[in-house]
Amino acid sequence: MTFKQLLIGFVFVVSGLIINFTQLCTCVLWPINKQLYRKINTRLSYSLWSQLVMLLEWWSGTECTLYTDQATVDKFGKEHVIIILNHNYEIDFLCGWTMCERYGVLGSSKVLAKHELLKVPLIGWTWYFLEIVFCKRKWEEDRDTVFSGLNRLRDYPEYMWFLLYCEGTRFTEKKHEISMQVAESKGLPKLKYHLLPRTKGFTTTLQCLKGTVKAVYDVTLNFKDKQNPTLLGIVNGKKYKADMSIRRFPVEEIPDDEKECADWLHKLYQEKDALQEHYEKEGCFPGPTIKPKRRVWTLLNFLFWATLLLSPLINFAWDVFVSGSPLLIIGFMIFLIVASVAVRRLIGVTEVKKTGSSYGNIEAKKEN
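Residues numbered from 1 in each chain as written. Predicted model: local features only at pLDDT ≥ 70, side-chain atom pairs only at ≥ 80, totals over all residues. Heavy atoms only, no water.

S.K.: How should the pattern of salt bridges be read in this particular structure?
M.R.: Two side chains with opposite charge may pair up if their charged atoms get near one another. Summed over all chains, the structure comprises 22 salt bridges. A salt bridge links Glu131 to Arg38; its shortest N-O distance comes to 2.8 Å. Remark: Arg38 occurs in helix H2 (residues 34–59) and Glu131 occurs in the loop between helix H5 (123–129) and strand S4 (133–135); sequence separation between them is 93 residues. In this pair, the class of Glu131 matches that of Arg38, namely buried. Across the pair Lys136 and Glu141 runs a salt bridge, and its minimum N-O distance is 3.7 Å. According to the relative accessible area criterion, Glu141 is partly exposed, its value standing at 46%. Members of the salt-bridge network, linked through shared partners, are Lys34, Arg38, Glu131, Arg152 and Asp155. (Salt bridge = Lys/Arg side-chain N within 4 Å of Asp/Glu carboxyl O. Helix = DSSP H or I, 4+ residues; strand = E, 2+ residues; numbered from the N terminus. Buried < 20%, exposed > 50% of the residue type's maximum accessible area, 1.4 Å probe, protein only.)

Here it is as structure tokens:
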């Protein structure tokens, strides 16, 4: 990790701790004015998440192209929606966030997240104050938590995009093999580029938020030239070219019956598979393209935090080295090493090889 990357990591971690502490202080507002609490925390979370978006858009210069029509784009950021995104890449969430940022819903974006992430510093803590719904992926244990968490969001004051990874875990060849065995045992069509979707999370989310969400956006993500992007690559300044096919489905077109809704989701994933097959053959998705412009707010937000935090750090480092004290210099070097390890661990949360899953276990099969 280079010195510049270490400074970026320092700004993210320290600003994140300041933001988390501020979020903790806002808890006193919840019993007094819940909506004010939510609006403040939406902006606080934006100040943290936009730093990662800045890395994607300004540091690495990654480009994002949308394959959709203008009528769909015109509704972005103007309605509550559920987002269904394929889970194949380490930075798929970041590509989703950059679209949230460009259409003004990054701070209020939601996700159905695995419970383990609640313990991750900065990420899990920020999500907790944002009322993110955490689940253990065991329906018997999750039922009450998921229902109460989703119902609590029905009166959310700002437009939210609620992200669902219906596959339940990130795609790997081993998981795909197990998933297709499950599909065969259930008489479901096999998928080539996706895992079999877990329908319970989708049907429950739609049931609880119906009347609040107006549509479901199906988003299928791929990258030019068969790139396999990583968050570490983004931190290293590597540029990627992301393509996202987006289709809008009004909730009125989705069946209310749970079984019919699950069948609808399975059909959707067959269509997503066909889109990926088209991309593999043609190098692009079908339909018109739109390239939304990046906004300067993510860069300005990072520069604010960098100015606030790096000036005292650099002054302190200078004082340490001019002091000539071996003890102070060694202590400062240890601090840099610890900081580097901490940033690398946060990056490791996104890595495919480190994302465990019970996919294919008996309990996991029961959830579908």
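S.K.: How do you make sense of the packing of aromatic side chains when you look at a structure like this?
M.R.: Centre-to-centre distance and the angle between the planes together describe a pair of aromatic rings. Summed over all chains, the structure comprises 16 aromatic pairs. Between Trp30 and Tyr37 the ring centres are 5.2 Å apart and the planes differ by 90°, which places this aromatic pair in the edge-to-face class. Look at Trp30 and you get partly exposed, because its relative accessible area is 30%. Seen from their ring centres, Tyr128 and Phe129 are 5.5 Å apart, and the 80° between their planes marks the pair as edge-to-face. What makes Tyr128 exposed here is its relative accessible area of 53%. Judged by relative accessible area, Phe129 falls into the buried class, the value being 9%. What links up through ring pairs into an aromatic cluster is the set Trp49, Phe93, Trp97 and Trp127. Over the face of the ring belonging to Tyr269 we find Lys272, whose NZ or CZ atom lies 5.6 Å from the ring centre. Between Arg294 and the ring centre of Trp58, over which it is positioned, the NZ or CZ distance is 3.6 Å. (Phe/Tyr/Trp six-rings, centres within 6.5 Å; stacked < 30°, edge-to-face > 60°. Lys NZ or Arg CZ within 6 Å of the ring centre and 35° of its normal.)

S.K.: Quick question: what am I supposed to make of the environment of Lys114 here?
M.R.: Relative to the assigned elements, Lys114 resides in strand S3 (residues 110–114). Residues Lys114 and Leu56, 58 residues apart in the sequence, show an inter-C-alpha distance of 24 Å.

S.K.: Looking at this structure, how should I read the nonpolar core?
M.R.: Note that soluble globular proteins tend to have their nonpolar side chains buried in a common cluster. Of all hydrophobic cores here, the largest spans 97 residues; its most connected members are Trp127, Trp161 and Phe202. Top contributing element to this core by residue count: H2, with nine residues. Apart from residues no more than four positions distant in its own chain, Phe202 is found in contact with Ile84, Leu164, Cys166, Val216, Cys261, Trp264 and Leu265. (Core = buried A, V, L, I, M, F, W, Y, C linked by side-chain atoms within 4.5 Å. Contact = heavy atoms within 4.5 Å.)

S.K.: Sorry, what's going on with the packing of helix H8 (residues 199–209) against helix H10 (residues 258–282) here?
M.R.: The geometry of a pair of packed helices is captured by two quantities: the angle between their axes and the separation between those axes. At a closest axis distance of 9 Å, the pairing of H8 and H10 adopts a crossing angle of 120°. Between H8 and H10, the crossing angle belongs to the class labelled oblique. You can see that H8 and H10 cross each other, and the crossing is right-handed. Contacts between H8 and H10 involve Thr199, Lys200, Phe202, Thr203 and Leu206 from the first element and Glu258, Cys261, Ala262, Trp264, Leu265 and His266 from the second. Across the contact of H8 with H10, the residue classes tally to six nonpolar, three polar and two charged. (Axes fitted to C-alpha atoms, helices over the stretch in contact; angles between N-to-C directions. Parallel < 35°, antiparallel > 145°, perpendicular 65-115°, else oblique. Left-handed = near helix turned anticlockwise from the far one by under 90°. Nonpolar A, V, L, I, M, F, W, Y, C, P; charged D, E, K, R; others polar.)

S.K.: Help me understand the side chain of Asp243, please; the structure alone is not making it clear to me.
M.R.: Looking at the element boundaries, Asp243 is found in strand S7 (residues 241–250). Sequence-distant contacts of Asp243, defined by excluding residues within four places in its chain, comprise Thr65, Tyr67, Thr220, Leu221, Asn222, Lys224, Tyr279, Gly283 and Phe285.

S.K.: Before we go on, may I ask you to explain unusual backbone geometry in this structure?
M.R.: Most of the time, phi is negative for any residue but glycine, and the peptide bond is trans. The backbone of Leu122 shows a phi angle near 70°, a positive value even though the residue is not glycine. Here Leu122 shows up in the loop between S3 and H5. Judged by its relative accessible area of 1%, Leu122 is buried. The residue Glu131 is not glycine, and still its phi comes out positive at about 65°.

S.K.: I would appreciate a short explanation of the environment of Glu282 in the present structure.
M.R.: Relative to the assigned elements, Glu282 resides in helix H10. Once the C-alpha coordinates of Glu282 and Phe335 are considered, the two residues, 53 residues apart in sequence, prove to be 50 Å apart.

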